[in-house]
Amino acid sequence: MLGHIANAARTCTKYVLQCFQISRTKSNMAACGSVQPEKLDASNIDAVLDKYDTFLLDCDGVLWRTDHFTPIPGIAAAIHVLRQLGKRLLFVTNNSLHAREMYMDKFKQLPGFEAEIDDIFSVAYASALYLKHIAAVNKMVYVIGSTGMAHELDNLGILNTGIGPDPDPVSHNPDILRKIPLHPDVQAVLVGFDEYINYTKLYKAVSYLTNVECFYVATNDLEMGVLIGPGKKQPVTGALVASVSAASKRQPTVIGKPHKYIFDCILTRNPNITKERTVIIGDSLKADIGFAKTLGIDSILVLTGVSKLEHIHRNQNSSNSLSRTLVPNYYIPSVADFSQLLCTT
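Residues numbered from 1 in each chain as written. Predicted model: local features only at pLDDT ≥ 70, side-chain atom pairs only at ≥ 80, totals over all residues. Heavy atoms only, no water.

Bringing the overall build of the protein into the picture now. The number of helices and strands found in the protein is 14 helices and 14 strands. Of all 345 residues assigned to the protein, the portion counted as buried reaches 50%. Within the protein, counting contacts between residues at least 6 apart in sequence, those at least 24 apart form 71% of the total. On the protein, roughly 17100 Å² of surface is accessible, and the fraction owed to carbon and sulfur atoms is 56%. (Helix = DSSP H or I, 4+ residues; strand = E, 2+ residues; numbered from the N terminus. Buried < 20%, exposed > 50% of the residue type's maximum accessible area, 1.4 Å probe, protein only. Contact = heavy atoms within 4.5 Å. Areas by Shrake-Rupley, 256 points an atom, 1.4 Å probe, with all protein chains shown as cover.)

Evaluated as defined, the whole model comprises eight aromatic pairs. A ring pair is formed by tyrosine 130 and tyrosine 261, whose centres lie 5.6 Å apart and whose planes are at 75 degrees; its orientation type is edge-to-face. Of this pair, tyrosine 130 sits in helix 5 (residues 123-134) while tyrosine 261 sits in helix 10 (residues 261-269), and the two are 131 residues apart along the sequence. The partly exposed category is assigned to tyrosine 261, whose relative accessible area is 26%. Here the aromatic residues Trp64, Phe91, Phe107 and Phe113 are joined through ring pairs into a cluster of three or more. (Phe/Tyr/Trp six-rings, centres within 6.5 Å; stacked < 30°, edge-to-face > 60°.)

One face of the sheet, then the other: side chains in a regular strand alternate in exactly this way. Extensive coverage of strand 5 (residues 140-144) is indicated by the burial of five of its five residues. Alternating residues of strand 5 divide into Met140, Tyr142 and Ile144 and Val141 and Val143, and every residue in both groups is buried. The pairing of strand 5 with strand 7 (residues 186-191) spans five bridges and is classified as parallel. Each bridged residue has a counterpart across the sheet, and for valine 143 the counterpart in strand 7 is leucine 190. Regarding topology, helix 6 (residues 147-155) serves as the crossover connection from strand 5 to the parallel strand 6 (residues 160-161), and that connection is right-handed. (Pairing = 2+ DSSP bridges. Right-handed = clockwise from strand over helix to strand, strands pointing away.)

Taken as a whole, this structure holds twelve salt bridges when the rule is applied. Residue arginine 277 is joined to aspartate 53 by a salt bridge in which the shortest nitrogen-to-oxygen separation is 2.6 Å. One end of the pair, arginine 277, is in the loop between helix 10 and strand 12 (278-282); the other, aspartate 53, is in the loop between helix 2 (45-49) and strand 2 (54-57), and 224 residues separate them in sequence. Here arginine 277 falls in the partly exposed class, since its relative accessible area comes to 30%. Exposure remark for aspartate 53: the relative accessible area of 36% places this residue in the partly exposed category. Note that aspartate 58 is salt-bridged to lysine 257, the shortest N-O span being 3.0 Å. Taken as a pair, aspartate 58 in the loop between strand 2 and helix 3 (75-84) and lysine 257 in the loop between strand 11 (253-254) and helix 10 lie far apart in primary sequence, 199 residues in all. Of the two residues, aspartate 58 and lysine 257, neither departs from the other in class, the shared state being buried. Here the residues in one salt-bridge network are Asp58, Lys257 and Asp288, joined through shared partners. (Salt bridge = Lys/Arg side-chain N within 4 Å of Asp/Glu carboxyl O.)

Examined against the element boundaries, threonine 278 turns out to sit in strand 12. Aside from chain neighbours lying at most four places away, what touches threonine 278 is Tyr52, Thr54, Leu56, Ile273, Ile297 and Asp298.

Before going further, it helps to spend a moment on the environment of asparagine 155. With respect to the helices and strands, asparagine 155 occurs in helix 6. The class for asparagine 155 is partly exposed, based on a relative accessible area of 44%.

It is at 9 Å that the axes of helix 5 and helix 10 come closest, and there the two elements cross at 70 degrees. The angle between helix 5 and helix 10 falls in the class roughly perpendicular. Contacts between helix 5 and helix 10 involve Val123, Tyr125, Ala126, Leu129, Tyr130, His133 and Ile134 on the former and, on the latter, Tyr261, Ile262, Asp264, Cys265, Thr268 and Arg269. (Axes fitted to C-alpha atoms, helices over the stretch in contact; angles between N-to-C directions. Parallel < 35°, antiparallel > 145°, perpendicular 65-115°, else oblique.)

The subject of this paragraph is the sheet that holds strand 8 (residues 215-218). With parallel pairing, five strands are arranged side by side in an open sheet as 6-5-7-8-11. Each having just a single partner strand, strand 6 and strand 11 make up the two edges of the open sheet. Bridge analysis of strand 7 against strand 8 gives four bridges, and the strand direction is parallel. Following the sheet pairing, leucine 190 is matched in strand 8 by valine 217. Across the sheet, helix 8 (residues 199-208) touches strand 5 and strand 7, and the angle it forms with strand 5 is around 140 degrees.

The next thing to look at is the sheet that holds strand 13 (residues 298-302). Spatially, the seven strands line up as an open sheet ordered 1-14-13-12-2-3-4, and their pairing is parallel. Only two strands of the sheet have a single neighbouring strand rather than two, namely strand 1 (38-39) and strand 4 (120-122). Here strand 2 pairs with strand 12 via four bridges, running parallel. Across the sheet, leucine 57 pairs through a bridge with isoleucine 281, a residue of strand 12. Packed onto the sheet, helix 11 (residues 285-295) meets strand 2, strand 12 and strand 13 and runs at close to 170 degrees relative to strand 13.

What follows is the structure, encoded as structure tokens:
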């Protein structure tokens, strides 16, 4: 008799523990607002596409591989099909090296690819738009950055200086530094990727930023360095921005994804965009899906670039609350699959 009671007690305890575990799991999922991404396939592609009028597409890892030049087969056909459906396609990239004309040249290398220059929003162009139309800068901009950034500033009539190798001496001697001339009318400092960065450029940037009325703008700050080979790591834009921020004790307005300002710049040229009918397509959970979460709009992850399915699962199970939000609404192996799926439905 006692044995039956003990067995019943153990069974009851096991059942209670199972119920508790199930309840706790559901509570945790509810607490973190975990999204369960849906794979796009022939069964849902029409319904999903009907929800959106505007598609914001990343470039590296989406239209071509992350090495910036290897094409992804079938991309041009997919772009054509989406345009045939009446979708507005805008290309949004965090790469600060190039002006929009370079992207047009790159698109032309993809036979059949359809795009206009006004469809392209690189951070170089968006930064110029921000300085012109939002910050309303009408004086000089000191630029740590690329010729592509200078080109976009020039196109909008924004005076700028700082591009290329700095002609002034490099020195830690305060007497020499004080003799380096500074432009009297610098109204903003803009920081992007600059292969000619040196101590003198940092000195000038942080000196201009001692003026609290001087705008401090960065193209992007997400990545500090990228591995380019065994034991080889290349510093990128985030490292330059961090250096200026640390020395100036100021934080920039960051234009690029996942921050909202590049979308604000898109709206200056496309004021009729409706966020509820806009979707972001990208390959990076941090940049592209993070951008979608910042804006409160839907997202599609493609698996041709940085982030893979295992990264989604890792974020869903992360102890970090921010990481748990970086989960797309949908995923698809490649943008090229849009044309294949739509042709079979």
